[in-house]
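For reference, the chains in residue letters:
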Amino acid sequence: QVQLVESGGGLVQPGGSLRLSCAASGIIFIYNLMGWYRQAPGKQRELVATVTSGGSTNYVDSVKGRFTISRDNAKNTVYLQMDSLKPEDTAVYYCNAKRIVLGTPKDDYWGQGTQVTVSS
């Protein structure tokens, strides 16, 4: 079982930047997908970004061009660089690790969540 420890959340002004980090106790290379999700008040949790073991990335349309997900397999850490932040980015952000075999997740782990607040 892998433990995911998040850091980097906080309060920023619109247009500001934050970098979230997700440090894993295990070897993240074995997980096909690492990702970041977020949940805003009154909303269901949504996928923000994913990165595969090979480094391929995907983003929800609302953050394309502003957020960058990356992984450092040697450090077993996943990052989410968030630039040009908007108030609508305010949410609890969760790190996620999945190991998928033939389309089915065999492992699915979550971090504790870190609060990101964008307000003027």
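Along each chain, numbering runs from 1 in the same order as the chain's sequence is written. Totals for whole chains, interfaces and linings use all residues, but because this is a predicted model, local features are given only for residues with pLDDT of at least 70 and pairs of side-chain atoms are given and counted only at 80 or more. Hydrogens are left out, water is left out, and the side-chain values use all remaining heavy atoms of the structure.

A.B. asks: Could you clarify how one ought to interpret the nonpolar core in this entry?
C.D. replies: Among soluble globular proteins, nonpolar side chains are generally buried collectively. Membership of the largest hydrophobic core comes to 28 residues, with the highest contact counts inside it found for Leu4, Met34, Trp36, Leu80, Met82 and Tyr93. Contributions of two or more residues to this core are made by strand S3 (18-24), strand S4 (33-39), strand S5 (46-52), strand S7 (67-72), strand S8 (77-82), strand S9 (91-101) and strand S11 (114-118). Grouping buried Ala, Val, Leu, Ile, Met, Phe, Trp, Tyr and Cys residues that are joined through side-chain atoms within 4.5 Å yields what is termed a nonpolar core. Here the term buried applies to any residue with accessible area under 20% of the maximum for its type, exposed to any over 50%, and partly exposed to those in between, with areas from a 1.4 Å probe on protein chains only. Under the scheme used here, helices are H or I runs from DSSP no shorter than 4 residues and strands are E runs no shorter than 2 residues, and both carry numbers assigned from the N terminus.

A.B. asks: Explanation requested: the side chain of Asp107 in the structure shown.
C.D. replies: Mapping Asp107 onto the fold places it in strand S10 (residues 104-110). For Asp107, a relative accessible area of 19% puts it in the buried group. There is a polar contact of 2.7 Å between the side chain of Asp107 and the side chain of Arg99. Polar contacts, as used here, are pairs of N or O atoms within 3.5 Å; protein pairs need one atom able to donate a hydrogen and one able to accept it. Residues neighboring in sequence count only if both atoms are side-chain atoms. Polar side-chain contacts of Asp107 include one of 3.4 Å to the side chain of Tyr109. Residues are treated as being in contact if the distance between any of their heavy atoms lies within 4.5 Å. Excluding anything up to four places from it in sequence, Asp107 contacts Tyr31, Ala97, Lys98 and Arg99.

A.B. asks: For this particular structure, what's the right way to read unusual backbone geometry?
C.D. replies: At Asn76, a residue that is not glycine, the phi angle is positive and equals roughly 55°. Looking at the secondary structure, you find Asn76 in the loop between S7 and S8. Of note in this structure, Ser84 is not a glycine but carries a positive phi near 50°. Turning to its location among the elements, Ser84 is positioned in the loop between S8 and S9. Ser84 sits in the partly exposed class, given a relative accessible area of 41%.

A.B. asks: Would you mind showing me how to read the sheet that holds strand S1 (residues 4-7) here?
C.D. replies: Remark on secondary structure: sheet strands pair via backbone hydrogen bonds, oriented parallel or antiparallel. Sheet architecture is open: four strands sit in the order S1-S3-S8-S7, paired in antiparallel fashion. Pairing within the sheet leaves two strands with one partner each, and these edge strands are S1 and S7. Strand-to-strand, the axes of this sheet are offset by a mean angle of 15°, without reference to chain direction. Direction of pairing for S7 relative to S8: antiparallel, over a ladder of six bridges. When the bridges of S8 are listed, Thr68 appears paired with Gln81. Note: two strands are recorded as paired if DSSP finds a minimum of 2 bridges between them. Axes, fitted as lines to C-alpha atoms, cover a helix only where it is in contact. Angles between the N-to-C directions of the axes lie from 0 to 180 degrees.

A.B. asks: I would appreciate a short explanation of a nonpolar patch on the surface in the present structure.
C.D. replies: There is a patch of nonpolar side chains on the surface, built from Ile27, Phe29 and Ile30 and spanning about 320 Å² of accessible area. Relative to the helices and strands, Phe29 resides in the loop between S3 and S4. A patch consists of residues exposed above 30% relative accessible area that lack any salt bridge, with like charges linked at up to 9 Å and nonpolar side chains (Val, Leu, Ile, Met, Phe, Trp, Tyr) linked at up to 5 Å. Note on areas: Shrake-Rupley with a 1.4 Å probe; residue coverage comes only from the protein chains shown. Any Lys or Arg side-chain nitrogen located within 4 Å of an Asp or Glu carboxyl oxygen qualifies as a salt bridge.

A.B. asks: What am I meant to see in the pairing of S1 here?
C.D. replies: Each regular strand shows side chains that alternate between the opposite faces of the sheet. The alternating pattern of S1 places Leu4 and Glu6 on a buried face and Val5 and Ser7 on a face that is not buried. By the bridge criterion, four bridges tie S1 to S3 in an arrangement that is antiparallel. Note that in S3 the partner of Leu4 across the bridge is Ala24.

A.B. asks: What am I meant to see in the environment of Tyr31 here?
C.D. replies: With respect to the helices and strands, the residue Tyr31 is situated in the loop between S3 and S4. Along the primary structure Tyr31 and Ser53 are separated by 22 residues, whereas in three dimensions their C-alpha atoms are 6.7 Å apart. Leave out the neighbours within four places in its chain, and Tyr31 touches Val2, Ser53, Arg71, Ala97, Lys98, Arg99, Asp107 and Tyr109.

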